[in-house]
Structure formats: C-alpha cells, structure tokens
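Below, each chain spelled out in residue letters.
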Amino acid sequence: MTETTDANARIDEMVKGTDVVLFMKGTKSMPQCGFSSRVAGVLNYMGVDFSDVNVLEDADIRQGIKDYSDWPTIPQLYVKGEFVGGCDIITEMTLSGELDSMFTENGITFDKDAADKIREANG
C-alpha cells in the first residue's frame, strides 16, 4: 500500500467513523494557526463534541486531506462523513444559522444559546 492510499484510508476511517471531525493545525485545546483557532473556537463555544486531527503531526495526512476533499486549505470540517468547508465557510454558516441547521438535521448536539450569542456579537 502506498503512503497516499494509506493516508486516504486513514482519513476515510476518521471522517466516516466520527460524527464531527476537524482537520486542523494544532489541537482543539491548542490551535496553531488563526483559521484553525477560529473554527475550533466556534465548535468549542457551541459545545459540539468533535474530534480534532492535528495535520502538523503527520505530513501524509496534511497533504492527504487536501487531496481527499479536493480543498486546498486547512482547517477542514466534516460532519457525518461530509466535507462542510474551511474557516470562511464555517464562519459564514455560523453567522447565517446554517451550521445550526446542519447540526440539527444530523442529530449533532450543540448549544443553541451559544450559537445565538455568536451571531449577536457579530451582528
């Protein structure tokens, strides 16, 4: 098995085996870039139970996730096996309420009041 297919298989397993996965630089408790920090911060604030994958710890995963999603940047959020987007998309979806709807439709528990507070603070 080549490194690419191995990374792809590992990514596939992570994405499909966990309801909410964030591929990011750093960890949810210690993000190592502003964009990763913003998305992890939104998810943490909203009380979403999510797995974090630190792409800085594994070069194969760091490149592999970009190939997997055909999306050039990190962070990348997946919900129920589906690629949702990167920082700008997650920010827009949070502010529009679209992220709330996606979590609700997929049975993902989150704090609606916290989501409303984010929108109020950024309105």
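Because the structure is a prediction, the values reported are computed rather than measured.

Draft legend 1. Quick peek at the overall build of the protein. When its secondary structure is counted, the protein shows six helices and four strands. A compact globule built from 123 residues should have a C-alpha radius of gyration of about 14 Å, and the protein, at 14 Å, falls within 12% of that. Along the first, second and third principal axes, the C-alpha set of the protein runs to 50 × 30 × 20 Å. Looking at the protein as a whole, 40% of its 123 residues are labelled buried. Taken together, the 11 basic and 22 acidic charged side chains of the protein have centroids lying 4 Å from each other.

Draft legend 2. Structural view of the environment of Ala7. By the secondary structure assignment, Ala7 is in helix H1 (residues 3–17). Relative accessible area serves as the criterion here: at 2%, Ala7 is assigned to the buried category. Here the alpha-carbon distance between Ala7 and Asn54, two residues 47 residues apart in the chain, equals 14 Å. Contacts of Ala7, omitting those with residues within four sequence positions, involve Asp60 and Ile61.

Draft legend 3. Main features of the packing of aromatic side chains. Applying the stated rule across the entire model yields five aromatic pairs. Relative to Tyr78, the ring of Phe23 has its centre 5.7 Å away and its plane inclined at 80 degrees; by these criteria the two rings are edge-to-face. Of this pair, Phe23 sits in strand S1 (residues 20–24) while Tyr78 sits in strand S3 (residues 76–79), and the two are 55 residues apart along the sequence. We note that Phe23, like Tyr78, is buried. With 5.4 Å between their ring centres and 55 degrees between their planes, Trp71 and Phe83 make a pair best called tilted.

Draft legend 4. Layout of unusual backbone geometry. Of the consecutive residues Ile74 and Pro75, the connecting peptide bond is found in the cis state with omega at 10 degrees. Along the chain, Pro75 falls in the loop between helix H3 (59–69) and S3. The phi torsion at Asp70 lies on the positive side, around 60 degrees, for a residue other than glycine. Residue position: Asp70 is located in the loop between H3 and S3. Located in the positive-phi region is Lys80, a residue other than glycine, with phi close to 50 degrees. Residue Lys80 is classed as partly exposed on the basis of its relative accessible area of 40%.

Draft legend 5. View of the sheet that holds strand S4 (residues 82–85). With respect to topology, four strands assemble into an open sheet ordered S2-S1-S3-S4, the strand pairing being mixed. In this open sheet, the two strands that pair with only one neighbour each are strand S2 (51–54) and S4. Averaged over all neighbouring strand pairs, the angle between strand axes comes to 25 degrees, with direction disregarded. Summarising the sheet, S3 and S4 pair through three bridges and their orientation is antiparallel. Among the inter-strand pairings, Tyr78 is bridged to a residue of S4, identified as Phe83. Along the sheet face, helix H2 (residues 34–45) touches S1 and S3 and points at about 160 degrees away from the line of S1.

Definitions and cut-offs
- Residues numbered from 1 in each chain as written.
- Predicted model: local features only at pLDDT ≥ 70, side-chain atom pairs only at ≥ 80, totals over all residues.
- Heavy atoms only, no water.
- Helix = DSSP H or I, 4+ residues; strand = E, 2+ residues; numbered from the N terminus.
- Rg over C-alpha atoms; globule rule 2.2 N^0.38 Å.
- Buried < 20%, exposed > 50% of the residue type's maximum accessible area, 1.4 Å probe, protein only.
- Lys, Arg positive; Asp, Glu negative; His and termini not counted.
- Charge placed at Lys NZ, Arg CZ, Asp CG, Glu CD.
- Contact = heavy atoms within 4.5 Å.
- Phe/Tyr/Trp six-rings, centres within 6.5 Å; stacked < 30°, edge-to-face > 60°.
- Pairing = 2+ DSSP bridges.
- Axes fitted to C-alpha atoms, helices over the stretch in contact; angles between N-to-C directions.

Keep in mind these values describe shape, not function.
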